[in-house]
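Per-entry structural report
Here are the chains, one letter per residue:
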Amino acid sequence: MILRNVFREAEGILVSREGSDYSLVLPASPNEYEKKAAEEFNFLLNASVGVRLPVLAEKQARGDCHIFLGKTKRAEKLGLALTYAAAGSDGYYIRSDGKDLVIAGADRGTLFGVYGFFGRALGYRYYAQGEMKIASADRLLLYEADVFEKPDIDARSFGYHDVYHIGYPDIEKNADRLRIARNNYTDWIMAGHTYFALMPKEKYQKEHPDWYSPDGANLCLTAKGLEEEFAANVIEKIKATEGRYFMIGQEDNFTFCDCPHCRAEIEKYGSASAVMMRFANGVARRVGEWMRKNCPEREVQLVTFAYNATSTPPVRYDPEKDEFSPVSPDVVAEKNLSVMYIPLGTLHNYPYTHEKNRIRAEGFLGWNACTKSIFVWDYCANFDNFLVEFNDYDVIAENYRFFRDMGVEYLFDQGPYNTRTPCFDELKVFLHANLAWNSEGDTEALIDEFMGAYYKDIAPQMRRYLDMMRGRWKEIAALFGEDMRSGGCDSSYYLLPKFFPKEFLDDCMDVFTEARGALEEIRIEEWDRYVLLKKRLKQIMISVRFLLVRIYGRYYGKELPVKIDNLRADMNDCGIVKTNEGDFMEIC
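A short tour of the structure in this document, coming up. Predicted model, so just to flag it, every value in this text is computed and none were measured.

So, the overall build of the chain
Summing up its helical and strand segments, the chain has 19 helices and 18 strands in all. Whereas a compact globule of 588 residues would reach a radius of gyration of roughly 25 Å, the chain reaches 26 Å, a difference of no more than 12%. Taken over the C-alpha atoms alone, the chain extends approximately 80 × 75 × 50 Å along its principal axes. For the chain, with 588 residues in total, the buried portion stands at 59%. Just so you have it, the chain exposes about 25,000 Å², and 48% of that area is on carbon and sulfur atoms. With 74 positive and 91 negative side-chain charges, the chain shows a spacing of 2 Å between the two charge centroids.

Structure follows, in structure tokens:
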């Protein structure tokens, strides 16, 4: 959301192709994102005007004509609130101060503020690896600026291959430029299912067997002494590790402790999630007290899982008021405790506001009554089959508006993180990234914009094919009642002839043939562009080729083995190394 947006030309030139009097100024000890901000400022300035600016430490800056990046003393002097509470992780300020300019945020915001500056000044827009736009200019003007912008969802992570594997330079830069800059482990002191990592059986079980559930699958959250030791171990991890979030999360299974004490507590409060919240709150209080005394400057948020056995929120529903309320003050989260809700069973071709997803929506509403800080782990792929289009295009924006209104602070939307796919991955990441930043965005306009920028000469055909596949899935839902699921069950029904008739797939191939014809027109004069777009087309065609071979392989007779070998070779060439989350399924 844009909270202030004053940005207009002022007298003076910041830089021209002849050079500049300006320099970039960093704090005395710049963090990772402040350093990246300086690098990206010069990258974009050079891409537009052909000039780079010197980078100085703040103590070296004299006079005026400076662009201050990050938590500098100049930003402090201007009274910019560079805290998570005010700006979040990713919000940013752009503020002019005489001839000087300040771009700053609490964390990634400084980097994203650089992108915001160039977007306003030179029309910068980033689409995917190798595709961005920025105006070519002879000079960059000075601006009068007072901008404050924050994303609708503060921390956003998307499990797609080309933005998930942070640490690989190209992928990390891609995630940065899409204003994501994290995966579901970035910023976490500990993440995932951490009960046993914090309370290892080999260390504690012999002396404290009652600290573990009778089936050994989880901790016993009502056991005496467990809370104190658990909190102490959390504190030791915080001492040793930088990070903003800390997961105190149950193990990855469907059980909950069924000892007499836990059964009694479940009977008393009505749910396993209430027992979990009472335990997590106790830990949060102990950790919070230690932090206030020992490191009040650090902001560490504990997070607990609402997952499987603890997914149902510990609330009562009042039908007359149509509202949820906590079953007890004991289950209301401490200020330093968030709840990560995993809405399993969602039908992803319907928004959370739709009746078909009412149970999941009620889960959000219930947890919203218990905590002011909700984290979400959602899904945007069918993990049984990555080669068939996942038709959630119509609901992304509405779901993100729903998350925004629920006060969701952190989102991990998990897609095909461990491979590329032939299902418009680059477009999907572009949509998710932009709509989680501004959920009021127009999905169809964003699709059109991306198609033109990424597929260029074959954009009309790619858009037509995408619309055909989206339309087919709507027909499948209407005719057969089959909706978009994230997997976890047999998805072989996707491969039934009635779902994808051969005539439909042949029509898709005709669109691809038309696209190849469009490419032939540029083959001679624009060879590099031809080669680039040909590979992008090849990647998208793999989905239909797979469906033809898998469903109608008998039509090919003796040519079938060759078809399969060629398909496998093209998949490898396009980086499609898995066809589902677990392994490489047989094509035919």
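Still more ground to cover, so stick around.
Let's talk about unusual backbone geometry
In this structure, Asn 308 is a non-glycine residue whose phi angle is positive, near 55°. You can see Asn 308 is positioned in the loop between strand E13 (301-306) and strand E14 (315-318). With relative accessibility at 14%, the residue Asn 308 sits in the buried group.

Observations regarding the packing of helix H17 (residues 502-520) against helix H18 (residues 527-552)
Following both chains from N to C, one finds H17 and H18 inclined at 165°, their axes separated by 10 Å at the closest point. Relative to H18, the element H17 lies roughly antiparallel. Of the two possible hands of crossing, H17 and H18 adopt the one that is left-handed. Here Lys 502, Leu 505, Asp 506, Cys 508, Met 509, Phe 512, Ala 515, Arg 516, Leu 519 and Glu 520 of H17 come into contact with H18, specifically with Tyr 530, Leu 533, Lys 534, Leu 537, Ile 540, Met 541, Val 544, Arg 545, Leu 547, Leu 548 and Tyr 552. Classifying every residue of the contact of H17 with H18 by side-chain character gives 15 nonpolar, no polar and six charged.

Remarks on the nonpolar core
Counting 174 residues, the largest nonpolar core has Phe 117, Phe 118, Leu 140 and Phe 500 as the members making the most contacts within it. In contact with Phe 117, other than residues within four places in its own chain, are Phe 7, Leu 14, Phe 41, Ile 94, Leu 101, Ile 103, Leu 140 and Tyr 143. Tyr 164, Phe 305, Tyr 307 and Tyr 410 belong to the second-largest nonpolar core, a separate cluster that totals 18 residues.

With respect to the pairing of strand E16 (residues 337-341)
Across the five residues that make up E16, a large majority, five, are buried. Sheet topology places E13 next to E16; five bridges connect them, and they run parallel. Residue pairing for E16: Thr 304 is matched across the bridge by Val 339. Crossover E16 to strand E17 (residues 374-379) through helix H12 (residues 358-368) is right-handed.

Thoughts on the side chain of Glu 426
You can see Glu 426 is positioned in helix H14 (residues 425-437). It turns out Glu 426 is buried and unbridged, and the closest side chain with the opposite charge, Arg 420, is 5.4 Å from it. Ignoring sequence-local partners within four residues, the contact set of Glu 426 consists of Tyr 127, Ala 128, Asp 162, Phe 450, Tyr 454, Tyr 455 and Gln 539.

Overview of the packing of H14 against helix H15 (residues 443-454)
Relative orientation of the contacting elements H14 and H15 amounts to 135°, with a least axis distance of 10 Å. Taken as axis vectors, H14 and H15 run oblique relative to one another. Handedness of the H14/H15 crossing: right-handed. Residues Glu 426, Leu 427, Phe 430, Leu 431, Asn 434 and Leu 435 of H14 form the contact with H15, whose participating residues are Thr 443, Leu 446, Ile 447, Glu 449, Phe 450, Met 451 and Tyr 454. Of the residues belonging to the contact of H14 with H15, the class tally is nine nonpolar, two polar and two charged.

Quick look at the pattern of salt bridges
When the charged atoms of two side chains lie near each other, side chains of opposite charge can form a pair. This model, assessed by the stated rule, comprises 54 salt bridges. In this structure, Asp 570 engages Lys 538 in a salt bridge whose closest nitrogen and oxygen atoms are separated by 3.8 Å. Of this pair, Asp 570 sits in helix H19 (residues 560-573) while Lys 538 sits in helix H18, placing them 32 residues apart in sequence. Shared partners join several salt bridges into a network, and the residues in it are Asp 394, Glu 444, Asp 448, Arg 463, Asp 467, Arg 470 and Lys 474.

So, the pairing of strand E18 (residues 408-414)
When you tally the buried positions in E18, you get six out of seven residues, the bulk of the element. When strand E10 (residues 155-158) meets E18, the two strands line up parallel, connected through four bridges. Of the residues in E18, the one forming a bridge with Ser 157 is Phe 412. In this structure, E17 lies alongside E18, joined through six bridges in parallel fashion.

Quick look at the side chain of Arg 536
With respect to the helices and strands, Arg 536 occurs in helix H18. Among residues more than four places away in sequence, those in contact with Arg 536 are Gln 129, Glu 131, Tyr 454, Tyr 455 and Lys 456.

Some remarks on the environment of Glu 58
Along the chain, the position of Glu 58 falls in the loop between strand E3 (55-57) and strand E4 (66-69). The spatial distance from the C-alpha of Glu 58 to the C-alpha of Gln 414 is 40 Å, given a sequence separation of 356 residues. Residue contacts for Glu 58: discarding those within four places in its chain leaves Val 25, Leu 26, Pro 27, Phe 68, Thr 72, Lys 73 and Arg 74. Polar side-chain contacts of Glu 58 include one of 3.1 Å to the backbone nitrogen of Arg 74.

A word on helix H6 (residues 169-177)
Of the positions making up H6, those classed as buried are Ile 171, Glu 172, Asn 174, Ala 175, Asp 176 and Arg 177. On its buried side, H6 packs onto helix H1 (32-48), helix H4 (109-122), strand E7 (125-128) and helix H5 (161-164). In the stretch just after H6, Arg 179 is the one whose phi turns positive, near 60°.

Examining the sheet that holds E16
Ordered in space as E10-E18-E17-E16-E13-E12-E11, the seven strands form an open sheet in which the pairing is parallel. Strand pairing shows two members of the sheet lacking a second neighbour, E10 and strand E11 (188-190), which therefore form its edges. The mean angle between the axes of side-by-side strands here comes to 25°, regardless of whether they run parallel or antiparallel. Against the sheet, H12 touches E13, E16 and E17, its axis set at about 175° to E16.

The rules behind these values
- Residues numbered from 1 in each chain as written.
- Predicted model: local features only at pLDDT ≥ 70, side-chain atom pairs only at ≥ 80, totals over all residues.
- Heavy atoms only, no water.
- Helix = DSSP H or I, 4+ residues; strand = E, 2+ residues; numbered from the N terminus.
- Rg over C-alpha atoms; globule rule 2.2 N^0.38 Å.
- Buried < 20%, exposed > 50% of the residue type's maximum accessible area, 1.4 Å probe, protein only.
- Areas by Shrake-Rupley, 256 points an atom, 1.4 Å probe, with all protein chains shown as cover.
- Lys, Arg positive; Asp, Glu negative; His and termini not counted.
- Charge placed at Lys NZ, Arg CZ, Asp CG, Glu CD.
- Axes fitted to C-alpha atoms, helices over the stretch in contact; angles between N-to-C directions.
- Parallel < 35°, antiparallel > 145°, perpendicular 65-115°, else oblique.
- Left-handed = near helix turned anticlockwise from the far one by under 90°.
- Contact = heavy atoms within 4.5 Å.
- Nonpolar A, V, L, I, M, F, W, Y, C, P; charged D, E, K, R; others polar.
- Core = buried A, V, L, I, M, F, W, Y, C linked by side-chain atoms within 4.5 Å.
- Pairing = 2+ DSSP bridges.
- Right-handed = clockwise from strand over helix to strand, strands pointing away.
- Salt bridge = Lys/Arg side-chain N within 4 Å of Asp/Glu carboxyl O.
- Polar contact = N/O pair within 3.5 Å; in protein donor to acceptor, adjacent residues only side chain to side chain.

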